[in-house]
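Residues per chain are reported as follows:
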Amino acid sequence: MKTAIIGAGAAGCFAAIELKRRCPEAEVTVYEAARKPLAKVAITGGGRCNLTNTFASVRSLAAAYPRGERLMKRLLKEFGHEEAWQWFEREGVRLTAQADGCVFPASQDAMEIVGTLLRLMRSHGVRLLTGRRASLIERAGADGRGQLRISFADESLQPQTADTVLLAIGGSPKPQGLALLAPLGVATVSPAPSLFSLCLPGDPVTELTGTVVEHATASLTGTKFRAEGPLLITHWGMSGPAILKLSAYAARHLHGNDYHATLAINWMGGQNEQDVMETIGSLAAANPKKQLASAYPTQLNARLWQHLLAKSGLKADARWGEMGRKGMNRLATTLTNDHYTANGKCRFKEEFVTCGGIDLAGVNPSTLESRACPGLFFAGEALDVDGITGGFNLQAAWTTGIVAARAMARQCRHNAPEVSRQTPLPAP
């Protein structure tokens, strides 16, 4: 069987290894548009490669996968985070888990993952061709049947045919990125960016760049979108896990509103206004003669605290013992429901994910084969599946890659006896 894998990212390379292990006789060629394979894996997690998550703090799978939760729930039973951990450790990559559930190679070096995958591809005889951007996939036969033919953007390259094709090109920020499937009638979902920071142009809070609040809650007013976690103030706005998760949950809403929104921050994490009133009351009782600027909740730093006092209309040099009920109410409201006007998005380091892609309704959930085009499979971010930050997207790549490869291997083994039966026996 001749197989083409389009895309030498995490999903494509992982699938190539699994396919050759299960069907050694298959001829597997990986076509990559860029000059280097696994480029995104090499920089993910700040170059440390957050390759999965323990899922220990995941209350529901929908919280980890804003899109594709039902499909991932099914596929993770076949190859989940524990299987991914075992897979890499069997290949000599020692892993370590952080307190937040993020899993990294113990070496803290993403190139160990890249090197492992490339070594296994070479040892199993996978052919890797870079600088090959696929521009069109269509049926080779005039009757719309038979092999699939792949054409390339570089017209000097000969089109290639394959019995099965795995599309693992990653996310396509623009709809044109999936135009190569147009002849096959494959349904797609319009793409939109996910996992990004929010810009707060001109807001005084950006003067506090570098400030981190370990447990904050971010939400969009007038919606149900909400996320918790560490929050980072930057020179352009706000970032960190709380904002990145919020951007994933609200990706389509923000895209539809041209990234204009009112951002509400609860600086006190899970505390409500009544809880915070009690905290403020305790501070006032314990520090009646101290200035407001010098006694504040431990989760905030002095610069942010003074910013919040000013937003509440309170003087930093006023005494806690002079704080009236109205002042306490204003302060509690600011601490739990502090509003900012977001206007635009910013890419956060290497974290960039696209929601949208191949419509899951047109994919067999057990095999990831196209319903419209038998022999065409999908894996990774090409599917309308995306996760929040924390290793969930790479886990989706490993999971979908291996599930698609196993289905393709079953086709390979199924077709092999048919070929042998049709081969004439040698003359006596």
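Residues numbered from 1 in each chain as written. Predicted model: local features only at pLDDT ≥ 70, side-chain atom pairs only at ≥ 80, totals over all residues. Heavy atoms only, no water.

Caption draft 1: Spatial organisation of the overall build of the protein chain. Within the protein chain, the secondary structure is distributed over twelve helices and 20 strands. Principal-axis analysis of the C-alpha atoms gives the protein chain an extent of 110 × 40 × 35 Å. Across the 428 residues in the protein chain, those meeting the buried criterion constitute 50%. Of the contacts made within the protein chain by residues no fewer than 6 positions apart, 73% connect residues no fewer than 24 positions apart. Split by element, the accessible area of the protein chain, about 19200 Å² in all, is 50% carbon and sulfur. Charge separation in the protein chain, taken as the distance between the mean sites of 46 positive and 37 negative side-chain charges, equals 0 Å. (Helix = DSSP H or I, 4+ residues; strand = E, 2+ residues; numbered from the N terminus. Buried < 20%, exposed > 50% of the residue type's maximum accessible area, 1.4 Å probe, protein only. Contact = heavy atoms within 4.5 Å. Areas by Shrake-Rupley, 256 points an atom, 1.4 Å probe, with all protein chains shown as cover. Lys, Arg positive; Asp, Glu negative; His and termini not counted. Charge placed at Lys NZ, Arg CZ, Asp CG, Glu CD.)

Caption draft 2: The arrangement of the sheet that holds strand β8 (residues 148-152) in detail. The strand order across the open sheet built from three strands is β7-β8-β9, with neighbouring strands paired in antiparallel fashion. The open sheet terminates on both sides in strands that have one partner only, identified here as β7 (134-139) and β9 (160-162). Direction aside, neighbouring strands of the sheet carry axes that sit 25° apart on average. Here β8 pairs with β9 via three bridges, running antiparallel. Bridge assignment links Leu148 to a residue of β9, and that residue is Ala162. (Pairing = 2+ DSSP bridges. Axes fitted to C-alpha atoms, helices over the stretch in contact; angles between N-to-C directions.)

Caption draft 3: Structural context of the packing of aromatic side chains. The final tally for this structure, using the stated rule, is twelve aromatic pairs. An aromatic cluster is present here, built from Phe14, Phe79, Trp87, Phe88 and Trp398 joined pairwise through their rings. Taking the ring centre of Phe104 as reference, the NZ or CZ of Arg48 above it sits at 3.9 Å. Lying across the ring of Tyr340, Lys311 places its NZ or CZ 3.9 Å from the centre. (Phe/Tyr/Trp six-rings, centres within 6.5 Å; stacked < 30°, edge-to-face > 60°. Lys NZ or Arg CZ within 6 Å of the ring centre and 35° of its normal.)

Caption draft 4: Just the pairing of strand β12 (residues 196-199), in detail. Sheet topology note: the β12/strand β18 (residues 345-347) ladder contains three bridges and is antiparallel. Across the sheet, Phe196 pairs through a bridge with Arg347, a residue of β18. The sheet contact formed by β12 and strand β15 (residues 237-239) spans two bridges and is antiparallel. Along β15, the bridge assignment pairs Cys199 with Gly237.

Caption draft 5: Representation of unusual backbone geometry. Its identity as a non-glycine residue notwithstanding, Phe55 has a phi of 65°, on the positive side. Looking at the element boundaries, Phe55 is found in the loop between β3 (52-53) and α3 (61-64). Non-glycine residue Leu368 carries a positive phi angle of around 65°. Exposure remark for Leu368: the relative accessible area of 0% places this residue in the buried category.

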